[in-house]
Each structure stands twice: as structure tokens, then as C-alpha cells.
Amino acid sequence: MSEERKRGFTTSILHADRASPIEHGALHKPLHLSVAYGYRDAADLVAVFQNRAQGYAYGRQGNPTTAALEAKITAMEGGVASVCFATGMAAIGAIAIALLKAGDHVVASSFVFGNTNSLLATLAAHGTAVTFVDATSAASVERALTPATRMVFVETIANPRTQVADLDAIGALCRERGLVYVVDNTMTSPWLYRPAESDASLVVNALTKYIGGHGNALGGAVTDTGRFDWTRYPNIADNYRRQKPALQAVTQLRKKALRDFGATLSAEQAHHLAIGAETLALRLDRQCANAQALADFLVHHPKVHAVHYPGLASHPQHERVRALFRAPGALLSFETADGCDMMAMLNRLQVAILSSNLGDNRTLVIPVAQTIYWEMGAARRAEMGIAETLVRVSVGIEDTADLVGDFEQALAAA
Ligand SMILES: *Cc1c(COP(=O)(O)O)cnc(C)c1O
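Residues numbered from 1 in each chain as written. Predicted model: local features only at pLDDT ≥ 70, side-chain atom pairs only at ≥ 80, totals over all residues. Heavy atoms only, no water.

1. Describing the layout of surface pockets
Roughly 1100 Å³ of volume is contained in the largest pocket. Lining the largest pocket are 33 residues, and of these N51, A53, Q54, G55 and R254 lie nearest its centre. Within the lining of the largest pocket, the residues separate by chemical class into 14 nonpolar, 13 polar and six charged. Lining the second largest pocket are 33 residues, with F113, G114, N115, N159 and I372 sitting closest to its centre. Among the secondary structure elements, those contributing two or more residues to the lining of the second largest pocket are α4 (88–99), α5 (114–125) and β6 (202–206). Looking at the lining of the second largest pocket element by element, the count peaks at four residues for α5. Per-class residue counts for the lining of the second largest pocket are 14 nonpolar, 13 polar and six charged. If you count residues domain by domain, the lining of the second largest pocket takes at least three from each of domain 1 (9–277) and domain 2 (280–413). (1 Å grid on protein atoms, 1.4 Å probe; cavity = no way out; pocket = protein on both sides within 12 Å on 5 of 7 lines; lining within 4 Å. Points joined across faces, edges and corners; volume = space filled by probe spheres on them. Nonpolar A, V, L, I, M, F, W, Y, C, P; charged D, E, K, R; others polar. Helix = DSSP H or I, 4+ residues; strand = E, 2+ residues; numbered from the N terminus. Domains from an automatic or database assignment.)

The structure is reproduced here in C-alpha cells:
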């Protein structure tokens, strides 16, 4: 018997579905739209409901099409199991609902995605205390720890200012203190970085962004890396203690968050996201190369005051990014200089689209202070380092010359 070679990232995704037999030799896992399932006999039914046999109980807790996507995400992240949700926010909300209780304390990065920030404020209102810290340094995380701290939550690259968390050192700290370490890997995706390598316990991916990649489906996932010993975690219900330790948290996420709250990913969306995942590496390599080219162009432009991109040597965490990530990501932001009319520049863009999403194949731009950071007011924006002239660019896969040329002509006219 020939020994099977370990397959690469893209080969594994492309051939994952056919690891188990598919009707008619189809190359894709089919769309399974059935909400309910029939069983061979009563014993089979009982075994599925008691988690003793593989199978599906009801569509709210998953379906075979979504399970095929979950298997791919688990493989991409090098984890033990994943659970998918209807959106990235549902995945983060699931962690909060299923694994935290009133009286617990969470330490989170102060640069997290705005909606995550809003969710953490909601958590605080329900009795889970949250402390926000500058997660670019593990020392500030350590100073915020209390005896009630259960979890540390960070993102890899922050949006829109591109700060990079002290991922390895926070992982070491969490391991030493027995804390659950949650890393939102959306901005890097498992192609650029696997948080498991920094000892993350749970990895979040908003599939809506780079993994789906086409801006045509919402979805989220939580992956257990197998690094955390859940037998030591107090908030696992007795029912789920019967699972192998590595599966206790994902089982509770599936039961508590999907069954009780129902933010289920549909089979159609799972299929779109799985097709997107096939080209993740190809798209993201191109997007990162485009982002680097655009950042290199903007940083020398007289009408640009500052460029925030981890691929620039001037970025405060540039060395960390080189050590941890395959490439510095595809999101950058820049501030226009005095005398340049930022809004007029945006109006001149012909290739880049004015839009709030990110991770699309198309380049999307948005003025930050006037839109996604408008509600918080000027004082809070200043505290967060959000200049009034800040423009966020989610770089797509366009031909590099078209993209750089577009900003060149828009800046020239503004
Ligand atoms: C977009 C995003 C989310 C939320 O994903 P949705 O699918 O839009 O709910 C979470 N985290 C990060 C870092 C994101 O960029």
C-alpha cells in the first residue's frame, strides 16, 4: 500500500467532499434541504439523540451540507471540530451565550470589530464583566486579569487601523493561567495564519469575508483547536461532560447556541461558502500582493498623510507579522493630507467601490469616521486613533495596474 502524501491546503479543500462516497459520483457535496431525518429503528433514533451515533436530529442543529463545510474549516485551521453559524456575529455570540455566565470576566482587545464591541457591551449588561485592553502587548492583557477571568478575546489584524495582537505571548499567558483564548481569524483566515500555532483554544472565522470571498453569502464558524483542557472549565454542563474532553465545548456550542438560539447556517449558504473556500489561497495571495503594491504607492504620495498596513516596514508590528503570518493581509487604511479633499477623492474612484463590506473579490473603500465610526463621536474616535480623513480599503483581486492607477488618478484630481 502506498503511503498517502500529506496534501497541501488547496488540494485538501478541493478533494474533501469525496473523502466519503457521494451519490452518482458527484464532485460536490449535494444540497441537503431536509429539515428532519428518518431512522432505521428506534435504537438508531435514540443513539443519535443521545450523541452516541453520527446523525442529524433536526435542521436547526446542522445538516450534511453544512457538516461538509465544517470539516473543511476544521482541516484548514488544523483543529479538532467546528460549528458553523448563520453569520460571523452569530459565531461570536454563540461563544458568549454557550460558554460564559454572569459573574465571569472577559479581557478583550479594545480594537475589535465594531459589532463585536457592541456584543461585548451587551454581555456586560447581562452580568459578564468585560475589560478592554491594548492587545498589541500581552503585558496589558496580563494586568487586566482577575480571579474571575475566564476568557481572552482578540483579533489577528484590527480593522480599520491594522494593529496586530501579541498573539504568541497572549497564547502563552492564557496557557499558563488556564484561560480560554479566543482568536477571531477573519482578517487573516487560515491561509495566512493558524491561531492554533499560538495556542488559541477557539478560532472564529467570519466566513462572509475571505473564506467565502465573493460577497454573496453570510456565515460564521467556531473551531476548537484541541489545545484547551475543557475538563478544567467550570461552565460545561454535566450532559456534555460525557463527550471526549476535546469535544465538550463544541458540543455545548452546537446544543446551547444552535439548538436554543437557532442562528443556523442554511445548506444553500454553506454551499456558496464551500465553493468560495476552494479558491481562498489563490484569491488571498493576489489580494495581499495588490494591498502591498497599493500601500507602497500611497506611502510615497504627497497627498497622503499616513498609511496603515502591516506590510510596510514603518508599521509598529511589522516584524511580528513577518514572523507569524504568510502575508500581511489585504486590508489597509490611509489618511489624506491637509489640502486633499478626501470625499472628492472617493468620488473620483472608478474601480474601487464605495461599500461597507470587506473580504470581497472587488476592492471596496469607505470613509471611516463619517460612517462605521460615526455613532461613537469625535472624542472616542480620537482616543481610538481614527482620523477624520481615514479611508479604509479592502483590497480585491483586480489587475494591480488598474487598482493603483485608480487611486493615482483620484488623488491627482482631489
Ligand atoms: C465581519 C466580521 C465579523 C462578523 O461577520 P458577519 O458575518 O458580518 O456577522 C466578525 N469579526 C470580524 C473581524 C469581521 O470582520
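2. Concerning the packing of α4 against helix α9 (residues 248–261)
Following both chains from N to C, one finds α4 and α9 inclined at 100°, their axes separated by 9 Å at the closest point. Considered as vectors, α4 and α9 are oriented roughly perpendicular to each other. Taken together, the residues of α9 that come into contact with α4 (itself represented by A94, I95, I97, A98 and L99) are A249, Q252, L253, K256, A257 and F261. Looking at the contact of α4 with α9 residue by residue, the class counts come to nine nonpolar, one polar and one charged. (Axes fitted to C-alpha atoms, helices over the stretch in contact; angles between N-to-C directions. Parallel < 35°, antiparallel > 145°, perpendicular 65-115°, else oblique. Contact = heavy atoms within 4.5 Å.)

3. Looking at a nonpolar patch on the surface
Together, L45, V46 and F49 line one region of the surface with nonpolar side chains, adding up to about 240 Å² of accessible area. Residue position: L45 is located in helix α2 (residues 42–49). (Patch = residues over 30% accessible without salt bridge, like charges linked within 9 Å, V, L, I, M, F, W, Y side chains within 5 Å. Areas by Shrake-Rupley, 256 points an atom, 1.4 Å probe, with all protein chains shown as cover. Salt bridge = Lys/Arg side-chain N within 4 Å of Asp/Glu carboxyl O.)

4. Some remarks on the domain arrangement of the protein
Per the domain assignment, the segments of the protein are domain 1 (9–277) and domain 2 (280–413). A C-alpha centroid distance of 29 Å is found between domain 1 and domain 2. Summed over both sides, the interface of domain 1 with domain 2 buries roughly 3100 Å², with 60% coming from carbon and sulfur. Together, W191, L192 and Y210 form the three largest contributors to the area buried by domain 1 at its contact with domain 2, with a combined 26%. (Buried area = accessible area lost by both parts, 1.4 Å probe.)

5. Remarks on the pairing of strand β7 (residues 220–224)
Counting buried residues in β7 gives five out of five residues, a clear majority hidden from the surface. The alternating pattern of β7 places G220, V222 and D224 and A221 and T223 on opposite faces, both of which are buried. Taken together, the five bridges between strand β1 (residues 81–85) and β7 define a ladder with antiparallel strand orientation. Bridge pairing in β7 links S82 to T223. (Buried < 20%, exposed > 50% of the residue type's maximum accessible area, 1.4 Å probe, protein only. Pairing = 2+ DSSP bridges.)

6. Comments concerning the site of the ligand
Taken together, T87, G88, M89, I92, F113, E155, D184, T186, A206, T208, K209 and G219 make up the full set of residues adjacent to the ligand. In the model, an oxygen atom of the ligand is placed 2.8 Å from a nitrogen or oxygen of the G88 main chain. For the ligand, an oxygen atom lies 2.6 Å from a polar atom in the side chain of T208. Relative to its unbound accessible surface of 380 Å², the ligand loses 92% to contact with the protein. (Near = heavy atom within 4 Å. Polar contact = N/O pair within 3.5 Å; in protein donor to acceptor, adjacent residues only side chain to side chain.)

7. Considerations on helix α15 (residues 400–413)
For α15, which comprises 14 residues, the first-to-last C-alpha distance of 20 Å matches the rise-based estimate of 20 Å (1.5 Å per residue) to within 8%. Taken as a whole, α15 has its buried residues at L403, V404, D406, F407, A410 and L411. Seen along its axis, α15 keeps its buried residues to an arc of 150°; they face one direction. Exposed and oriented more than 90 degrees from the buried face of α15 are A401 and A412. (Expected span 1.5 Å × (residues − 1). Arc of directions from axis to C-beta.)

8. Quick look at the side chain of D224
Mapped onto the elements, D224 comes out in strand β7. The buried charged residue D224 lacks any salt bridge, with R227 as its nearest oppositely charged partner at 8.1 Å. At 2.7 Å, the side chain of D224 and the backbone nitrogen of G226 are in polar contact. At 2.8 Å, the side chain of D224 and the side chain of W230 are in polar contact. Beyond its immediate stretch of four places on either side in the chain, D224 contacts G79, V80, A81, S201, L202, W230, A246, A249 and V250. (Lys, Arg positive; Asp, Glu negative; His and termini not counted.)

9. Digging into the packing of α4 against α5
Where α4 contacts α5, the axes come no closer than 11 Å and their chain directions differ by 25°. Considered as vectors, α4 and α5 are oriented roughly parallel to each other. Crossing handedness for the pair α4 and α5: right-handed. Of α5, the residues touching α4 (which contributes M89, I92, G93 and A96) are N115, T116, L119 and L123. (Left-handed = near helix turned anticlockwise from the far one by under 90°.)

10. Overview of the nonpolar core
Counting 52 residues, the largest nonpolar core has L69, V152, V154, L167, I170 and Y181 as its most contacted members. Setting aside anything within four residues of it in sequence, one finds I170 in contact with A135, A138, V141, V152, V154 and Y181. Membership of the second largest hydrophobic core comes to 35 residues, among which are A81, I92, V204 and I236. (Core = buried A, V, L, I, M, F, W, Y, C linked by side-chain atoms within 4.5 Å.)

11. Comments concerning the sheet that holds strand β3 (residues 129–133)
Across the sheet, which stays open at both edges, the seven strands sit in the order β1-β7-β6-β5-β4-β2-β3 with mixed pairing between neighbours. Looking at the sheet topology across the chains shown, the edges are occupied by β1 and β3. Here the strands of the sheet are splayed against their neighbours by 20° on average, with no regard to which way each runs. Bridge analysis of strand β5 (residues 180–184) against β6 gives three bridges, and the strand direction is parallel. Residue pairing across strands places V183 opposite V203, the latter belonging to β6.

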